[in-house]
Amino acid sequence: EKADSLKEMTIEADQFLNNGKTNVSTFSGDVVVVRGTLKVKAEKAVVTKSADEFQHVVLTAKPGAKISFRQKRDGGPDLWVEGESEKAEYDEKTEFVKFLSKAQIRYLDGSKVTQQQEGEFLSYDSKNDVFVGVNSSSGQSVSGGGRIKTTIQPRTEKQAN
Amino acid sequence: QAQTTASRTFEEDLVLRQKSNQTKADDKNAPTTVQSERLWGRPERFIHFENDVEVVKGATTMNADKATYRFLEDEVDAEGKVSLQRNGDCYKGDSARIQLDSSSGNVINPVYKLLRNNAQGKAEKIDFIDEERSVIHQGTYSSCDGLDPDWYLRAETLDLDTGLDKGIASKSVLYFLGTPILATPSLTFPLSGARHSGFLPPVFGASSKGGAEFALPYYFNIAPNRDLTLYPKVISRRGLQLGAEGRYLGETYRGETSLEGLNNDRVTNTNRYALTSVHQQQLLPELALNWNLNYASDDNYPSDFSNSITKTSQRLLLRDINFTYTGSFWNLNLRASNYQVLQDYAAPIDRPYDRLPQLQFHAEQHDVKGFDWSADAMLTRFWHPTQVRGDRLVLNPQVSFPMVEPGYFVVPKVSLHATTYQLSNIVPGQDPNFHRVVPTFSVDSGLVFERQSSLLGKEVTQTLEPRLFYVRTPYREQSNFPNFDSGVADFNFAQIFSENRFTGQDRIGDANQITAALVSRYIEMDGEERLKLALGQRFYFNTQRVTLDNVNSPSRSDLLLAASGKVSPTLSADAALQLNQSTHQSVQASYGIRWQPEVKKILNLSYRLQRDTLKQLDISGQWPIANRWYAVGRSNYSLMDKRVVDGLVGFEYKADCWSLRFLAQRFAVNSTNNNSGFSIQLELNGLARLGIGNNPIEALKRNISGYQPISER
Amino acid sequence: CGFTLRGPVSFPFKSIYIGLSDASPLGGELKRQIRANGQTLITAEAKDAEVILDVLSETREKQILSLNSQGRVREYNLLYNFRFRLRDAVGKEYLEPVTVQLKRTITFNEAQVLAKESEEALLYRDMQSDLVQQIMRRLSVVKMDQ
């Protein structure tokens, strides 16, 4: 949701470790990142503060588990986006979130999934409202390297008109 | 005659339509899944997919290099080596668009192949209207494989409707081996043989009587159970003939009526027309109406206007209307019937009696305290322009006491045949009234023996069925009785066990005779009768005094032999011989052999003899003579007249997706000359049959028993 | 030489429904023969019967066999084709569709056309009783335990 970019980002976790020199701080154990309606849960988050005070967060999940996120979307009273992946990166400045390896994103209208994407690399640029999907977590598409699957549900009568 | 690709009966067509409706998968609310190596887009607006994109929705699958999905229009556009699969049909083109919810859309520069009748072709564009209908623009259509098919139809637009099973080509040109052979404003053809309104392929023809002919039939598929075929035909020497044939099938009725008319025939400057109409209807559950009406405007109509043998050789056209009321164990039939005689003055035919009307009553009951009884009554008014006329009443009660067991049967029967005549239009002095009462006593008895044995290595049950049939009918003077409907019956195994050697009711033959017969059948394990041998002879204890038109009374006894069945898996034979004991001459004989090693490879040979009337040798066959070439032929040679009475020779060429038939036919029309016809037929599988002359397949099926068109699997 | 009198024809089913109306002569004669045979019950309704005789087609045809030199028909072939199958009420097939074909030859002469009409009826009745025997024989060898 556009309004989230004006909100301030908070991160909670069981432990917190800050390395003054490199201004890198690491959160671990039930990490929850909140920014307006965006809410991300993960096992570990490594936050690096850039010179212009913007934070770059890299989140990872417990082995075998997944990071999960949920955010409200513009354009409707009850539109949401949610998803999981094994690893994620979020850049406060570019407002660019990347979900890597076995990522899945679902767009919901209320509780009904209208569209869904699964793949190795799914990213969302909320400032320009653009999402990208690539078949390898490097971010560059590898020909023959597997494919991203998108499922679009048929539009119900309500949506159609 | 209109040539439809496969003139199906209504029933087959209805079943086909119902089947096609069930298989339509309901794709409307199936999800769409898209796979690609890369994608990007804006939520709720569009998604671009790239690299190895595959879109699947219900029965439709699309592969392409790139595709874009637009949410608002709910459409997917694809470019780059697009291949689209839809209900089994596949299309390959440069780009394509699919509307997801209505599954309409189009493909640009497609090459397509339809699953249904593996037709294929290319086009500038194909529009999908909905799940079943598509329109091919500036495209070609052919059922031949490969890039340059032997034949193809190029059309401006080609509407294919797999739901209604029909294709309509507008402004189409048909190319065969590269040369255009037919251009039509609109041509309808069935995608799988069902029937639809539209022009049928034109029919060219030529006959010695009418000169060149051209007909362009149009077919109205009015309703699933009603259709009408119109065939205007230009006959060069005679003029324009209009023909119409209507068929209808209802819950309680069915029928077919065809009418042909040519006013002011330039050869005879008279009006020439013909009608045939057949109708059956169940007016009430017990009351049925049937009519069978045939009429021709003049004697030479059949030989002038049709080159099909069945019509030409019929000189007697039946006109019959009857009502039948069916009770629980009886029925009552009221009919009016007479024949139109198409006279041939070279060998004149005498006019049969009219029956205007005839009332028939029949009742029978079985196992009434062990007895079977039946009663027949018939009141008929016979009319004839010149000969004696009369009303005739016949009463014929019968009672029998059948003792039937699986191994034997004995059936004594007593019957009475009472007849009274009231004649008119008689020669002065001739008695107008006649009566006759004739009792008949008969005993039919037989045994059935069985044993297991083997025939050609196969285990069979062989039966041995001796049978004795004694008939005693006293003599009644009948020589001056009128003869309206009696004749001497053929002497065969059906007649040998009936009491009266004459058919009809006007002559009751005196009889003191015993018929002995021995039948042996070889029955396979599945109950099929593989081979049947039969031997029968009748012994007359006194000479028969009732004769008909003073045919010399049959000799002391005749021998009857018959054998029919499969001698080997590919060879079947049947033979029947009637041997006159006193003259030791065969009265009637027919021997036939059929050798059919495989389908479309058959030879028939038969010899038929009817003492003093017919002696014919009949050879017919269908045989592959070279790669893809088949020869078909028949020669029915009359040994008495030293002349081929009914001959036919033809060739068939079978390519993968079309077949060509040449046929020359010659049959006797009357005592002096023959009618010869020539026809060529090009059958384009899945499109139509184009022909010159009469449909050869009908003539081949009639002339060569066991013939199968090479285009059929 | 091994021949014995034929024993009773037993059908491997207790009840049968014949898919032919009583008004049809073939239906009447077939039902009479089955009743005369003893142990099999003919039901009035298809649902009460153990097996159902489905009539797929019953056609009679008259084909020209030979002409004389004046082009007049001198012989016809009378054909009687009957195609049927045996199934139970649910649709399980005991006897797959089978066609019985019968043929009789009849001579013809325009002068006796009325007499030939009744002779044709005689030949069709003869084919009909032959057909009934063949149907009965096929019913008696049906395997019920497929």
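Per chain, residues are indexed from 1 in the order of the written sequence. Chain letters and ligand numbers both follow the written order, the letters beginning at A and the numbers at 1. Predicted model: local features are reported for residues with pLDDT of at least 70 only, side-chain atom pairs are reported and counted for 80 or more only, and whole-chain, interface and lining totals are derived from all residues. Side-chain descriptors were evaluated using all non-hydrogen atoms of the structure, hydrogens and water having been removed beforehand.

Draft legend 1. The arrangement of the overall build of chain C in detail. A helix here means a DSSP run of H or I that spans at least four residues, while a strand means a run of E at least two residues long, and both kinds are numbered starting from the N terminus. Helices and strands together make up the secondary structure of chain C, namely 2 helices and 6 strands. When its helices and strands are written in sequence order, chain C yields β-β-α-β-β-β-β-α. C-alpha atoms define the radius of gyration in this analysis, and the globule rule sets the expected value at 2.2 Å times the number of residues to the power 0.38. The C-alpha atoms of chain C give a radius of gyration of 19 Å, which is well past the 15 Å a tight globule of 146 residues would have. If you line up chain C on its principal axes, its C-alpha atoms span 60 × 45 × 25 Å. Classification of the 146 residues of chain C by burial places 52% in the buried group. Two residues form a contact once any of their heavy atoms are found within 4.5 Å. The long-range share in chain C, meaning contacts at least 24 apart out of those at least 6 apart in sequence, stands at 66%. For accessible areas, the Shrake-Rupley method is used with a probe of radius 1.4 Å. Any residue's cover is judged against the shown protein chains and nothing else. Here chain C has roughly 6,600 Å² of accessible surface; of this, 49% comes from carbon and sulfur atoms. When accessible area is computed with a 1.4 Å probe and restricted to protein chains, residues below 20% of their type maximum are described as buried, those above 50% as exposed, and intermediate ones as partly exposed.

Draft legend 2. Spotlight on the interface of chain A and chain B. Each partner contributes residues to the interface: chain A has 29 residues there, and chain B has 30 residues. Of the roughly 2,400 Å² buried where chain A meets chain B, counting both sides, 53% is carbon and sulfur surface. Put simply, a salt bridge is a Lys or Arg side-chain nitrogen that is within 4 Å of an Asp or Glu carboxyl oxygen. Taken together, the links from chain A to chain B amount to 1 salt bridge. Two residues, A:Arg147 and B:Asp52, come together in a salt bridge whose shortest N-O distance is 2.9 Å. Under the grouping applied here, Gly and all other residues not named as nonpolar or charged are polar, the nonpolar ones being Ala, Val, Leu, Ile, Met, Phe, Trp, Tyr, Cys and Pro and the charged ones Asp, Glu, Lys and Arg. The residue makeup of the side of chain A that touches chain B, split by class, is 10 nonpolar, 14 polar and 5 charged. With 5 bridges connecting them, strand β12 (residues 148-152) of chain A and strand β1 (residues 32-36) of chain B associate as antiparallel partners. The buried area of a pairing is the accessible area, by a 1.4 Å probe, that goes missing from both parts when the two are put together, added over both. Any two strands between which DSSP finds at least two bridges are classified as paired.

Draft legend 3. Focus on the interface of chain C and chain B. The partner chain B presents 68 residues to the 46 residues of chain C that form the contact. At the boundary of chain C with chain B, total buried surface from both sides reaches about 4,500 Å², with 56% on carbon and sulfur atoms. Considering only the side of chain C, the residues that lose the most area to chain B are C:Phe3, C:Arg6 and C:Leu114, jointly responsible for 16% of the buried surface there. The tally of links from chain C across to chain B stands at 7 salt bridges. Whenever two N or O atoms come within 3.5 Å, that pair is a polar contact, provided that in protein one can donate a hydrogen and the other can accept it, and provided that, for residues adjacent in sequence, both atoms are side-chain atoms. Counting across the chain C and chain B interface gives 16 residue pairs in polar contact (both at pLDDT 80 or more). Counting residues per element, the ones that place at least two in the side of chain C that touches chain B are β1 (4-5), β4 (51-67), β5 (73-87), β6 (93-107) and α2 (113-140) of chain C. Ranked by the residues each element gives to the side of chain C that touches chain B, the list is headed by α2(C), at 14 residues. For the side of chain C that touches chain B, the residue count by class is 20 nonpolar, 13 polar and 13 charged.

Draft legend 4. Main features of helix α1 (residues 25-36) of chain C. All names here are of chain C. A rise of 1.5 Å per residue sets the reference length of α1, with its 12 residues, at 16 Å; its end C-alpha atoms lie 16 Å apart and thus fit the reference within 8%. When α1 is considered as a whole, its buried residues turn out to be Leu26, Gly27, Glu29, Leu30, Lys31 and Ile34. Elements in contact with the buried residues of α1: β2 (15-18), β3 (41-42), β4, β5 and α2. At the exit of α1 stands Gly38, carrying a positive phi of roughly 110°. Expected helix span is given by 1.5 Å per residue-to-residue step, counting one fewer step than there are residues.

Draft legend 5. Main features of the nonpolar core. Nine residue types can take part in a nonpolar core, namely buried Ala, Val, Leu, Ile, Met, Phe, Trp, Tyr and Cys, and a core is a set of them joined through side-chain atoms within 4.5 Å. Within the largest apolar cluster, 78 residues are counted, with the highest numbers of intra-cluster contacts made by B:Tyr141 and B:Trp658. The next biggest cluster of nonpolar side chains, apart from the first, holds 55 residues, and it includes B:Phe481, C:Tyr80, C:Phe84 and C:Leu131.

Draft legend 6. A look at the pattern of salt bridges. As enumerated under the stated definition, the model contains 56 salt bridges over all chains in all. One salt bridge connects A:Glu86 with A:Lys102, and the closest N-O pair in it is separated by 3.9 Å. On the criterion of sequence distance, the pair formed by A:Glu86 in the loop between β7 (79-85) and β8 (87-91) and A:Lys102 in strand β9 (residues 96-109) is long-range, its members being 16 residues apart. Between B:Asp444 and B:Arg467 there is a salt bridge, and its shortest N-O distance comes to 2.6 Å. Here B:Asp444 is found in strand β32 (residues 433-447), whereas its partner B:Arg467 is found in strand β34 (residues 458-473), with 23 residues between them in sequence. Using a relative accessible area of 13% as the deciding quantity, one classes B:Asp444 as buried. Given the relative accessible area of 28%, B:Arg467 is considered partly exposed. Linked through salt bridges whose partners overlap, the residues forming this network are B:Arg70, B:Glu73, B:Glu75, B:Asp77 and B:Arg97.

Draft legend 7. Inspection of unusual backbone geometry at higher detail. Here the residue pair B:Leu356 and B:Pro357 is connected by a cis peptide bond, since its omega of 0° sits within 30 degrees of zero. Its location among the elements puts B:Pro357 in strand β27 (residues 354-368). Phi at A:Ser101 is positive, roughly 50°, even though this residue is not glycine. Tracing the backbone through its elements, the reader meets A:Ser101 in strand β9. The phi angle at B:Asp52 is positive, at roughly 55°, despite the residue not being glycine. Mapping B:Asp52 onto the fold places it in strand β3 (residues 46-57). Of the residues examined, B:Asp52 reaches a relative accessible area of 40% and is grouped as partly exposed.

Draft legend 8. Layout of the environment of A:Arg73. Within the secondary structure layout, A:Arg73 lies in the loop between β6 (67-72) and β7. On the basis of relative accessibility, which here comes to 7%, the residue A:Arg73 falls in the buried class. Distance in space between the C-alpha atoms of A:Arg73 and A:Ser126 is 9.7 Å, their sequence separation being 53 residues. Ignoring any residue separated from it by four or fewer positions in sequence, one finds A:Arg73 in contact with A:Leu79, A:Trp80, A:Val81, A:Tyr107, A:Leu108, A:Thr114, B:Pro43 and B:Glu44.

Honestly, it's all geometry; don't read function into it.
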